Amino acid sequence: MRRRCILPLLALGFLAPLVAAAQGEPTVLTGVVRDEDGTPLPRAQVVAADGGRGAVSDGEGRFVLRGLRPGPQRLSVSLVGYAPESREVTIPAADSRGLGVFGFQELAAREGGPALQLGARLDEYAIASRPSAKFGAGRARSFRALSGSVELRLPLNASVAAGVNLARSFRAPTVEELFSAAPHAGTGAVEFGSPGLRAERGRALEAVLQIRSARWNGQMAAFHNAIADYVHLAARGDTVIDRATLPVFVYAQGDATLRGVEGQLEWAARRDLVLGASGDLLHAAQRDGTPLSFMPPARLGALLRWDDGTFSLSGDVHHEFRQGRVGAAAERPTEAHTVFRALAGVR
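Since this is a predicted model, take the numbers as computed values, not measurements.

Asks: Whenever I open this one, the overall build of the protein confuses me. Can you help?
Replies: When its secondary structure is counted, the protein shows two helices and 22 strands. Evaluated residue by residue, the protein yields a buried proportion of 36% over its 347 residues. Once local pairs closer than 6 in sequence are excluded, the contacts in the protein between residues at least 24 apart make up 58%. When the accessible area of the protein is evaluated, it comes to approximately 19100 Å², of which 57% is carbon and sulfur surface.

Asks: Can you help me understand the nonpolar core in this one?
Replies: Nonpolar side chains in soluble globular proteins tend to be buried together. Core analysis: the biggest nonpolar cluster contains 13 residues, and Val 33, Val 46, Phe 63 and Leu 65 have the highest contact counts within it. Elements with a contribution of two residues or more to this core: strand S4 (45-48), strand S6 (62-68) and strand S7 (71-78). Judged by nonpolar contacts, the second largest core, of twelve residues, contains Leu 178, Ala 189, Val 231 and Leu 233.

Asks: For this particular structure, what's the right way to read the side chain of Glu 191?
Replies: Tracing the chain through its elements places Glu 191 in strand S15 (residues 189-192). Since its relative accessible area comes to 4%, Glu 191 is described here as buried.

Asks: Would you explain the pairing of strand S19 (residues 273-286) in this entry?
Replies: In regular strands, side chains alternate between the two faces of the sheet. In terms of strand pairing, strand S18 (residues 244-270) meets S19 through 14 bridges, oriented antiparallel. Following the sheet pairing, Gly 260 is matched in S19 by Leu 282. Where S18 folds back on S19, the antiparallel hairpin that results is connected by two residues.

Asks: Explanation requested: the environment of Val 47 in the structure shown.
Replies: By the secondary structure assignment, Val 47 is in strand S4. Considered as a pair, Val 47 and Leu 75 are 28 residues apart in the sequence and their alpha carbons are 5.6 Å apart.

Asks: Any chance you could explain the pattern of salt bridges here in plain terms?
Replies: Pairs may arise between side chains of opposite charge once their charged atoms sit close together. Overall, the coordinates contain twelve salt bridges when judged by the stated rule. A salt bridge links Asp 272 to Arg 270, with the nearest nitrogen and oxygen atoms 3.0 Å apart. Classification of Arg 270 as partly exposed rests on a relative accessible area of 48%. Asp 307 is the salt-bridge partner of Arg 347, the closest N and O atoms lying 3.0 Å from each other. Here Arg 347, found in the segment after strand S22 (337-346), pairs with Asp 307, found in strand S20 (residues 299-307); they are 40 residues apart in sequence, far enough to count as distant. Take Arg 347: its relative accessible area is 67%, and that puts it in the exposed class. For Asp 307, a relative accessible area of 28% translates into the label partly exposed.

Asks: Sorry if this is basic, but what is going on with the side chain of Asp 123 here?
Replies: Position of Asp 123 among the secondary structure elements: in strand S11 (residues 115-129). In this structure the side chain of Asp 123 is engaged in a polar contact, spanning 2.9 Å, whose partner is the side chain of Arg 121. The contact partners of Asp 123, leaving out residues within four places of it in the chain, are Leu 99, Gly 100, Phe 143, Arg 144, Ala 145, Ser 147 and Phe 170.

Asks: I would appreciate a short explanation of the pairing of S20 in the present structure.
Replies: Where S19 and S20 come together, eight bridges link them in antiparallel fashion. The partner of Asp 280 across the bridge, within S20, is Arg 299. Pairing between S20 and strand S21 (residues 311-320): nine bridges, direction antiparallel. Within the sheet, the bridge partner assigned to Ala 302 lies in S21 and is Val 317. Two successive antiparallel strands, S20 and S21, enclose a turn made up of three residues, where Gly 309 displays a positive phi of approximately 95°.

Asks: Looking at this model, I keep getting lost on unusual backbone geometry. Mind explaining?
Replies: Most peptide bonds take the trans form, and the phi angle of most residues other than glycine is negative. Of note, the phi angle at Arg 43 is positive, near 60°, even though the residue is not glycine. Residue Phe 294 is not a glycine yet carries a positive backbone phi of 60°. Within the secondary structure layout, Phe 294 lies in the loop between S19 and S20. In this structure Phe 294 comes out as exposed when scored by relative accessible area, which is 52%.

Asks: I'm lost on the confidence of the model for the protein in this one. Help?
Replies: Any residue range with low pLDDT should be treated as having predicted coordinates unsuitable for detailed reading. When pLDDT is averaged along the protein, the result is 83, and 84% of the positions lie at 70 or above. Mean pLDDT across the secondary structure elements of the protein bottoms out at helix H1 (residues 8-12), with 34, and peaks at strand S16 (residues 200-212), with 97. Confidence over residues 1-25 falls short of pLDDT 50; this stretch has 102 contacts with residues more than four positions distant or in other chains.

Asks: What's the story with the environment of Arg 66 in this structure? I'm lost.
Replies: Mapped onto the elements, Arg 66 comes out in strand S6. Expressed as a C-alpha distance, the spacing of Arg 66 and Arg 53, which sit 13 residues apart in the sequence, is 7.7 Å.

Here is what the cut-offs are and how they apply
- Residues numbered from 1 in each chain as written.
- Predicted model: local features only at pLDDT ≥ 70, side-chain atom pairs only at ≥ 80, totals over all residues.
- Heavy atoms only, no water.
- Helix = DSSP H or I, 4+ residues; strand = E, 2+ residues; numbered from the N terminus.
- Buried < 20%, exposed > 50% of the residue type's maximum accessible area, 1.4 Å probe, protein only.
- Contact = heavy atoms within 4.5 Å.
- Areas by Shrake-Rupley, 256 points an atom, 1.4 Å probe, with all protein chains shown as cover.
- Core = buried A, V, L, I, M, F, W, Y, C linked by side-chain atoms within 4.5 Å.
- Pairing = 2+ DSSP bridges.
- Salt bridge = Lys/Arg side-chain N within 4 Å of Asp/Glu carboxyl O.
- Polar contact = N/O pair within 3.5 Å; in protein donor to acceptor, adjacent residues only side chain to side chain.
- pLDDT = per-residue confidence, 0-100.

Here's what the structure looks like:
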């Protein structure tokens, strides 16, 4: 008996194409091919009836179809040993337009001395979804904001410089965050947007120490970001679609704080040999202390790079500590793990 090769995303609709440009313009469709047990299927052939465009799923079952028209589409998937499957999906269209005007100025009393850097940007951003039977009436939002930064840079000696940066930032919600209302092919979850989302507005303070010399090259930084109306996914239970149980998420927002340290340092032990180390630590939480979801754990790394101009060898190791700070998106803790990489080359 041949097992069925299914596309859970096809029965669900797609969210990625919501970022398509104007009505009628080509768009991109992404998704994952899985069997009835939910196992991703590589090397599956996915074909769209619109022009016969096709793609082959990668090692994790993912595929990308480009140049499709917005609107209803019928996709078929086939793989040796599986019964073929065909489903109709809806690719909604939307307009997304942005305009930005920015300026930058550096003030320095003398070359190589202290410097003050000033930057400012004015953004106008508009999003309009198109009406469709699946996603309902079209809706439109517009955002306008002024952002900027001030940085003081202080050379401490010929090789070391310090800097302090104050910034005010702005980010408008995306089409998915505002208007999504279907399962997401890439995440395997049902996601609902919130049309009333406000733009994120952040205030950031960062201190940086830079090292640049013949043998040393590195940077260390500490930062604190306070973001008003931070947009995030919040879990809302599960639902069953096409016999598959999928988690349900809603885009919500609230004030959040992200603070941490990061750094990397390289030392040229010889002309052909470089040793390095890196690390970062992030603490991110909502105002009530709930951790933000999908944040990276603390990480440490080391590298070695040898290059004599003809042959090269390099290797690095990165250790990620356990991430037990899970947030409102009902994610699972990530266990600690270490990744090794080695490369060799010849010119």
